[in-house]
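Coordinate analysis (summary)
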Amino acid sequence: MAVRVLIVDDEPLARKRVRDLLQDDAEIEVVGECSTSEAAVAAALEHKPDLVFLDVQMPEADGFAFLEGIRGEKMPAVIFVTAHDKYALRAFDSQAMDYLLKPFSEDRFRQALQRAKEQIRHGNAALSAERLAELLRQTQQPNKFSDRLVIKTGGRVLFVKTGEIDYVEAAGNYLVLHMGKEKHLIRDTMLNLEARLDPERFLRTHRSTIVNIERIKELQPWFGGEYQVLLRDGRKLTLSRTYRARVQKLLEK
């Protein structure tokens, strides 16, 4: 049975390098090549690859975004193609996940490919998306926050820029992203999303609300020592006393 392979890397030469090393392997069927995480998610959902060569860091949306996009689907085996330092690579080793450190040799490539094939044959390839996503969070460079979020809605996978978010509102086990006249629902926690958003651009104003600083027009006194956050489009949100000092300090800059 052929091993279906998807190659994901924003560098054309890097994709060609992987493709060339695979071309003489009779067990391999390359089902697609992608230069962005957005295209890779669509290709993975369509072709159901057994193995993905995944570049960890790509412009706009990285390997993390790809893994978020296929969450809930059957996970393929993954060989990370990365320029991470040795400290970060130890995290991959500890999780028994293979990686190729650019530039890699043919022998190292063959070794990683053989390990992936064995995982696939023994049914051990489908590590959960949550586990992979958490690993990428741990190995991302400090102060690297998400520029885009992945949203699944109506059978589609959307990549939205965080800068387009007006505010985020908790709704049970979900979060509602308010973006102009649009609303999008994602399954996540306030704590997790807050950690992924740049604190210089987004503020927690309430235990159930995160606001884009650029959307804030002014703060208005309200009852019980709380304030209302008036957005530029006229909407009003609550600013609790717990978060008031931090909000006022940033708005005074």
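In this report, the structure presented in the accompanying data block is examined. Just so we're clear, the structure is a prediction, and the values are computed from it rather than from any experiment.

Once that is clear, we can look at the environment of Asp98. Tracing the backbone shows Asp98 in strand S5 (residues 98-101). Once the C-alpha coordinates of Asp98 and Val78 are considered, the two residues, 20 residues apart in sequence, prove to be 7.4 Å apart. Apart from the residues within four sequence positions on either side, Asp98 is in contact with Val78, Ile79, Phe80, Arg108, Gln111, Ala112 and Arg115.

Spatially, 5 strands are ordered S10-S9-S8-S12-S11 in an open sheet, and the strand pairing comes out antiparallel. Every other strand in the sheet has two partners, leaving strand S10 (182-186) and strand S11 (202-206) as the edge strands with one partner each. Averaged over all neighbouring strand pairs, the angle between strand axes comes to 25°, with direction disregarded.

It is the contact of helix H1 (residues 12-22) with helix H5 (residues 106-121), at a shortest axis distance of 11 Å, that shows an interaxial angle of 70°. Between H1 and H5, the angle falls in the class roughly perpendicular. On the side of H1, the interface is formed by Arg17, Val18, Leu21 and Leu22, while H5 contributes Glu106, Phe109, Arg110 and Leu113. Classifying every residue of the contact of H1 with H5 gives 5 nonpolar, no polar and 3 charged.

What follows deals with the pattern of salt bridges. Tallied over the full model, the rule gives 16 salt bridges. Note that Arg196 and Asp188 form a salt bridge whose closest N and O atoms lie 3.7 Å from each other. The same class applies to Arg196 as to Asp188, namely buried. Asp233 serves as the salt-bridge partner of Arg235, at 2.5 Å between the closest nitrogen and oxygen. The exposure class of Arg235 is partly exposed, given its relative accessible area of 24%. Bridged by salt links that share partners, the residues Asp9, Glu11, Asp55 and Lys102 form one connected network.

Along the chain, Lys102 connects to Pro103 via a cis peptide bond; the corresponding omega equals -10°. Note on placement: Pro103 falls in the loop between S5 and H5. Positive phi, normally seen in glycine, also occurs at Lys48, with a value near 50°. Secondary-structure assignment places Lys48 in the loop between helix H2 (37-47) and strand S3 (51-55).

Counting buried positions over the 5 residues of strand S14 (residues 227-231) gives 5, a clear majority of the element. Side chains Tyr227, Val229 and Leu231 of S14 all project onto a buried face; the interleaved residues Gln228 and Leu230 project onto the opposite face, where all are buried too. Here 5 bridges tie strand S13 (residues 216-221) to S14, and the two strands are oriented antiparallel to one another. Paired with Pro221 across the bridge in S14 is Tyr227. As judged from the 4 bridges shared by S14 and strand S15 (residues 236-239), these two strands associate in the antiparallel manner. Counterpart to Val229 in the pairing with S15 is Leu237. Counting the residues between successive antiparallel strands, the hairpin from S14 to S15 contains 4 residues, one of them, Gly234, with a positive phi of roughly 100°.

Our focus in this paragraph is the sheet that holds S13. Taken in spatial order, the 3 strands make up an open sheet running S13-S14-S15, and their pairing is antiparallel. The open sheet is flanked by S13 and S15, the only strands paired with a single partner. Averaged over all pairs of adjacent strands, the angle between strand axes in this sheet comes to 30°, irrespective of strand direction.

Let's shift gears to the nonpolar core. Grouped together as the largest cluster of nonpolar side chains are 21 residues, with contacts concentrated most on Leu6, Val8, Val52, Leu54, Phe66, Ile70 and Phe80. By residue number, the principal contributor to this core is H2, which donates 4 residues. Apart from the residues within four sequence positions on either side, Val52 is in contact with Leu6, Val8, Phe66, Pro76, Ala77, Val78 and Ile79. Membership of the second largest hydrophobic core comes to 18 residues, among which are Val5, Leu51, Ile79 and Val81.

Parameters and conventions
- Here the residue numbers are simple positions, counted from 1 along each chain's written sequence.
- Only residues with pLDDT of 70 or above have their local features reported here, since the model is predicted, and side-chain atom pairs are shown and tallied only from 80 upward, although totals for entire chains, interfaces and linings are computed over all residues.
- Excluding hydrogens and water, the side-chain figures rest on all heavy atoms present in the structure.
- Secondary structure elements are defined from DSSP: runs of H or I of at least 4 residues count as helices, runs of E of at least 2 residues count as strands, and each element is numbered from the N terminus.
- In what follows, residue pairs with any heavy atoms lying within 4.5 Å of each other are defined as contacts.
- Pairs of strands are assigned from DSSP output, requiring at least two bridges between the strands.
- Only C-alpha atoms enter the line fits that serve as axes; for helices the fit covers just the stretch in contact. Angles between N-to-C directions range over 0 to 180 degrees.
- Reported orientations rely on four angle classes, namely roughly parallel under 35 degrees, roughly antiparallel over 145, roughly perpendicular from 65 to 115, and oblique for the rest.
- Only Asp, Glu, Lys and Arg are considered charged in this grouping, and only Ala, Val, Leu, Ile, Met, Phe, Trp, Tyr, Cys and Pro are considered nonpolar; every other residue, Gly among them, is considered polar.
- We define a salt bridge as a side-chain nitrogen of Lys or Arg found within 4 Å of a carboxyl oxygen belonging to Asp or Glu.
- Between buried and exposed lies partly exposed: a residue is buried under 20% and exposed over 50% of the maximum accessible area for its type, with that area taken using a 1.4 Å probe on protein chains only.
- Throughout this description, the term nonpolar core refers to a set of buried Ala, Val, Leu, Ile, Met, Phe, Trp, Tyr and Cys residues connected via side-chain atoms within 4.5 Å.

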